[in-house]
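Read off the chains here:
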Protein chains: 2
Amino acid sequence: MKAKREALTSLFTAMRDGKVDEDIIDLLLLINSIKGIYTTSSCSGRIGILEEPALGAKPLSRWLIKVHREMTFEEADEALKKAEKGLIFLKSQPPIFHVVAEDLEKAKRLHELGLASGFKYTTFKVISNRYLVEINATEYLTAPLGRDGRILVGEEYLRFAVEVGNSMLKRSKGRLPRLGENFRKLRKELGKDELFYELAGKFEIEKERKLP
Amino acid sequence: MKAKREALTSLFTAMRDGKVDEDIIDLLLLINSIKGIYTTSSCSGRIGILEEPALGAKPLSRWLIKVHREMTFEEADEALKKAEKGLIFLKSQPPIFHVVAEDLEKAKRLHELGLASGFKYTTFKVISNRYLVEINATEYLTAPLGRDGRILVGEEYLRFAVEVGNSMLKRSKGRLPRLGENFRKLRKELGKDELFYELAGKFEIEKERKLP
């Protein structure tokens, strides 16, 4: 799969540059080591504060703070001082994996696997002739906090909302071990991909991480 | 399609009982009149206040208020008096259509159609051998308002959050006409379904609504 070669090169380069979320690296390596599938953009889940200049103007949005672990009240409070223009949202989002499957059968297996691992918003798309499965969960928080630099919530609410957001993140991240187990089973079924090990060798991944 | 016969019977019965969102009835009739596809659960979009006894305990949640149009501050304020136990969320959700396609080709057309109509979270699933396309948008709001009967936001914030939720609903509902045009085009491509007209006749739908 030429596309897989490119995707792996991209992943290993990003890993080398420290751009891949630490807590899903082992899972990404596992998934990519399986024959017939590979990951594209994935995220380990995050909580943060986003400023959107206009509703729906997503490319112009900027994060005032974004972390892949629980966020503290102090961090949120500090970040809000940077708000200038547009709607301010507290956002909490679960881990999300985009996995390309080389055929419909594998896409269906991935879809079942995501659901069986508790990621209830697992769906897929067929784009050109690629099957792209999105392993996604339900724990999304989108809470408006203010507008144009003006914060419309007090300390008590902000502590509360950050706590709810953190709980949601903790819940969804808590399913990652189960997802990992299910991918280990899938690997026994579908087999290892030599291409993965070839490229991992080229990029000397084993110096930093244990390979699956 | 036996399953389509059952789905249509279900839809027409629900319409007769006033259980289908008024503002998407014509669109649902149009979609179902097309050969090879049919709708299952769909919603015209809504805003409301939900009480969740425990994070993730979705079946035990109850709506304190839920409307398929913009909500007023007064309605929100009044509904909050009914809060008792659990997390209280203001929620705004876009229109969502679930469309079953009888084969992969049609599922892909539906997927393109949803995206081309501005419903950017359009995805699909393959369940048993059915292709289920979910036409969904991005405008979701999930804002915690309080816990266990205690409201942690003041009037100014509640007005603001309801306004943001209403704007999101308005934006996503604003795409329904485009979705309708695209389904009209799809109907020219795929053709009319005689089964739809047969059952619409049996249920005397034409007495209430103009058939597509």
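The structure under discussion appears in the preceding block.
First things first, this report covers the structure right here in the doc. (Residues numbered from 1 in each chain as written. Chains lettered and ligands numbered in written order. Predicted model: local features only at pLDDT ≥ 70, side-chain atom pairs only at ≥ 80, totals over all residues. Heavy atoms only, no water.)

Here we take up the overall build of chain A. The helix and strand tally for chain A stands at 7 helices and 9 strands. Each principal axis of the C-alpha distribution contributes one length, and for chain A these read about 55 × 35 × 30 Å. The proportion of buried residues among the 212 residues of chain A is 56%. A separation of at least 24 residues holds for 71% of the contacts in chain A among residues at least 6 apart in sequence. Only carbon and sulfur atoms are counted for the fraction: they give 50% of the accessible area of chain A, which is about 9,900 Å². Counting 38 positive and 32 negative side-chain charges, chain A places the averaged centre of each group 3 Å from the other. (Helix = DSSP H or I, 4+ residues; strand = E, 2+ residues; numbered from the N terminus. Buried < 20%, exposed > 50% of the residue type's maximum accessible area, 1.4 Å probe, protein only. Contact = heavy atoms within 4.5 Å. Areas by Shrake-Rupley, 256 points an atom, 1.4 Å probe, with all protein chains shown as cover. Lys, Arg positive; Asp, Glu negative; His and termini not counted. Charge placed at Lys NZ, Arg CZ, Asp CG, Glu CD.)

Attention now moves to the side chain of B:Lys91. Within the fold, B:Lys91 resides in strand E4 (residues 87–93). Each residue touching B:Lys91, except ones within four places of it in the same chain, is listed here: B:Arg46, B:Ile47, B:Gly48, B:Leu50, B:Glu52, B:Trp63, B:Leu141 and B:Thr142.

The operation relating the two chain copies consists of a rotation about an axis and a shift along that axis. Superposition of chain A onto chain B requires a rotation of 180° combined with a translation of 0.0 Å along the rotation axis, giving an RMSD of 0.0 Å. What the rotation and shift describe, once combined, is the action of a two-fold rotation axis. Considering only C-alpha atoms, the residue of chain A closest to the rotation axis is A:Ala143, which sits at 2.1 Å. An overlap of 100% is found between the interface residues of chain A and their copies at the interface of chain B, pointing to a shared contact surface. (Least-squares fit on C-alpha atoms with pLDDT ≥ 70 in both.)

This part covers the pairing of strand E4 (residues 87–93) of chain A. Residues and elements named next belong to chain A. For E4, the tally of buried residues reaches 7 of 7 residues, placing the bulk of the element in the interior. Burial along E4 is two-sided: Leu-87, Phe-89, Lys-91 and Gln-93 facing one way and Ile-88, Leu-90 and Ser-92 facing the other are all buried. Where strand E2 (residues 46–52) and E4 come together, 7 bridges link them in antiparallel fashion. In the sheet register, Arg-46 faces E4, and the bridge partner there is Gln-93. Where E4 meets strand E8 (residues 141–147), 6 bridges bridge the pair, whose relative direction is antiparallel. Within E8, the position partnered with Ser-92 by the bridge is Leu-141. (Pairing = 2+ DSSP bridges.)

If you look at the interface, chain A gives 35 residues, while chain B gives 35 residues. In this structure, the connection of chain A to chain B is made through 4 salt bridges. For A:Arg147, the salt bridge is made with B:Glu163, and the minimal N-O distance between the two is 2.9 Å. If you look at where chain A meets chain B, you find 10 residue pairs in polar contact (both at pLDDT 80 or more). Elements with a minimum of two residues in the side of chain A that touches chain B: E4, helix H4 (104–116), strand E6 (123–127), E8 and helix H5 (155–173) of chain A. Per element, the largest residue contribution to the side of chain A that touches chain B is 9 residues, and it comes from H5(A). (Salt bridge = Lys/Arg side-chain N within 4 Å of Asp/Glu carboxyl O. Polar contact = N/O pair within 3.5 Å; in protein donor to acceptor, adjacent residues only side chain to side chain.)

Let's shift gears to unusual backbone geometry. All names here are of chain B. The phi dihedral of Asp-148 falls on the positive side, at around 50°, and the residue is not glycine. Mapping Asp-148 onto the fold places it in the loop between strand E8 (141–147) and strand E9 (150–151). Assessed through its relative accessible area of 41%, Asp-148 is described here as partly exposed.

A word on the pattern of salt bridges. Side chains that differ in sign of charge can pair as their charged atoms come close. By the definition in use, this model includes 39 salt bridges over all chains. Note that A:Glu6 is salt-bridged to A:Lys2, the shortest N-O span being 3.4 Å. With A:Glu6 and A:Lys2 both in helix H1 (residues 2–16) and 4 residues apart, this pair spans about one turn of that helix. Residue A:Glu6 is classed as partly exposed on the basis of its relative accessible area of 48%. Between B:Glu204 and B:Lys207 there is a salt bridge, and its shortest N-O distance comes to 3.5 Å. Of the residues examined, B:Lys207 reaches a relative accessible area of 64% and is grouped as exposed.

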